[in-house]
Amino acid sequence: MEKMLSVVVSVYNEEQALPIFYQTAKPILDRLSWNYELWFMNDGSQDDSLKVLLELAAQDDHVKVVSFSRNFGHEAAMIAGIDYARGDGIVCMDADLQHPPSCLPEIVEKLEEGCGVVTMVRTRNESAGVVKNITSAGFYWVINTLSDVKFEANASDFFAVSRQAADVLRGSYREKVRFLRGYVQNIGFKRATIRYEAQERAAGESKYSIRKLLDFSVNTILCFSNLPLKLGIYAGGTAAFLGVAVMIYTLCTRQGAPSGYATIVILNCFMFAVLFLIVGIIGEYIGILFSELKDRPIYIVGETRNVERGDGESRR
Ligand code: UDP
Ligand code: MG
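Notes on the structure in this doc start here. Quick caveat: nothing in here was measured; it's all calculated off a predicted structure. (Residues numbered from 1 in each chain as written. Chains lettered and ligands numbered in written order. Predicted model: local features only at pLDDT ≥ 70, side-chain atom pairs only at ≥ 80, totals over all residues. Heavy atoms only, no water.)

1. With respect to the environment of K150
- The residue K150 is located in the loop between α5 (129-146) and β6 (155-162) in this model.
- For K150 and F224, which are 74 residues apart along the polypeptide, the C-alpha to C-alpha distance reads 9.9 Å.
- Those residues in contact with K150 that lie beyond four places of it in its chain are N144 and Q185. (Helix = DSSP H or I, 4+ residues; strand = E, 2+ residues; numbered from the N terminus. Contact = heavy atoms within 4.5 Å.)

Structure follows, in structure tokens:
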């Protein structure tokens, strides 16, 4: 049977870019060795994007449109796209042609070779500007330092997953505060990386404000690292150590000080150390709670041999 590629495109106020995107992508998709479906996820656009999409859908059966009731954000649009897509491979890309559709044949080739995840890494991003490039580099440095999981800098929202990998994303990784790109880089499977040159935006302007990006970065760090929670226990440890030092110092040098001075200092140090340690311990528990709540898979199976379907499933 012919294989199918699902292309998922998130759309937010892209009425100008959409026709250009479609004109560019269509001939490339038609020439693929796989069949295809083109999913447009309209993320609550306030302009005429939906109208444009409905027109495209009316004249082309490959075009599927899902329209949100309001704006839920780019990631929500991609996740919904992955949920809806039925292909053997799923590609997520932007509607503004910054992710060149000319990469699609190469992506199909990689999927054909059995890759579970194809990460697209941009070689340059001139249109983003210096500020965005520096903040992006800074963000990856912080997250890679704080988190056990390593992220590839410059990996974009442009990626492809096989059906098997998509099933993992569909089943697990349903967190409300999330970083899809991070999950894609962490589910394992055979991986491939393709480099591409980020293009200028075809039309319109970027929908990501600095504030949105900042929110997003903070969420990601909280999402992929428990270090901020552990600060309590580190502070507790440090406070306890300093407390003991001050205590000894006060005990040794209290001559001349008003009576009761040593008691106050010692009590103070002692209480603060206990307080911080308890906060730290609570932090540890919240960390565990947080992991349980995220309900990430304990393991993900790539393939099996001579294993009956159903074996091990009860243990999942
Ligand atoms: N987008 C979306 N919902 C949003 C913001 C953006 O679906 O709330 C889409 C947008 O239409 C585009 C893609 O996500 O297809 C990337 O957005 P944009 O090009 O504005 O971001 P940038 O490339 O500047 O990082
Ligand atoms: Mg863009």
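2. Section: a negative patch on the surface
- A surface patch of like charges, here negative, comprises E106, E109, E112 and E113.
- Within the secondary structure, E113 is located in the loop between α4 (104-112) and β5 (117-122).
- On the accessibility criterion, E113 (46% relative accessible area) is partly exposed. (Patch = residues over 30% accessible without salt bridge, like charges linked within 9 Å, V, L, I, M, F, W, Y side chains within 5 Å. Areas by Shrake-Rupley, 256 points an atom, 1.4 Å probe, with all protein chains shown as cover. Salt bridge = Lys/Arg side-chain N within 4 Å of Asp/Glu carboxyl O. Lys, Arg positive; Asp, Glu negative; His and termini not counted. Charge placed at Lys NZ, Arg CZ, Asp CG, Glu CD. Buried < 20%, exposed > 50% of the residue type's maximum accessible area, 1.4 Å probe, protein only.)

3. Description of helix α6 (residues 163-171)
- Buried residues of α6: A165, A166, V168 and L169, and no others. Each buried residue of α6 lies within a common arc of 155° when the element is viewed along its axis, so the set occupies one face.
- Trailing α6 by a residue or two, Y173 shows a phi angle of about 55°, which is positive. (Arc of directions from axis to C-beta.)

4. Here we look at helix α8 (residues 210-224)
- Here α8 spans 21 Å end to end across 15 residues, near enough to the 21 Å set by a 1.5 Å rise per residue.
- Taken as a whole, α8 has its buried residues at F216, S217, T220, I221, C223 and F224. The buried residues of α8 occupy one face: seen down the axis, they fall within an arc of 160°. Opposite the buried face of α8, by more than 90 degrees, sit the exposed residues R211 and L214.
- Of the surrounding elements, those touching the buried residues of α8 are α3 (74-84), α5, α7 (180-186) and α10 (261-294). (Expected span 1.5 Å × (residues − 1).)

5. Notes on the site of ligand 1
- Residues in close proximity to ligand 1 total 18 residues, the closest being E14, D43, D96, S206 and K207.
- Y12 places a polar main-chain atom, nitrogen or oxygen, 2.8 Å from an oxygen atom of ligand 1.
- For ligand 1, an oxygen atom lies 3.1 Å from a polar atom in the side chain of N71.
- Relative to its unbound accessible surface of 540 Å², ligand 1 loses 91% to contact with the protein.
- Here the shell around ligand 1 is built from residues that sort into four nonpolar, six polar and eight charged. (Near = heavy atom within 4 Å. Polar contact = N/O pair within 3.5 Å; in protein donor to acceptor, adjacent residues only side chain to side chain. Nonpolar A, V, L, I, M, F, W, Y, C, P; charged D, E, K, R; others polar.)

6. Some remarks on the coordination of the magnesium ion (ligand 2)
- At 1.9 Å from the magnesium ion (ligand 2) lie its protein donor atoms, namely D96 (OD) and Q98 (OE1). A single burial state applies to D96 and to Q98, both of which are buried. (Donors = N, O, S within 2.8 Å, 3.2 Å for Na, K, Ca; no water.)

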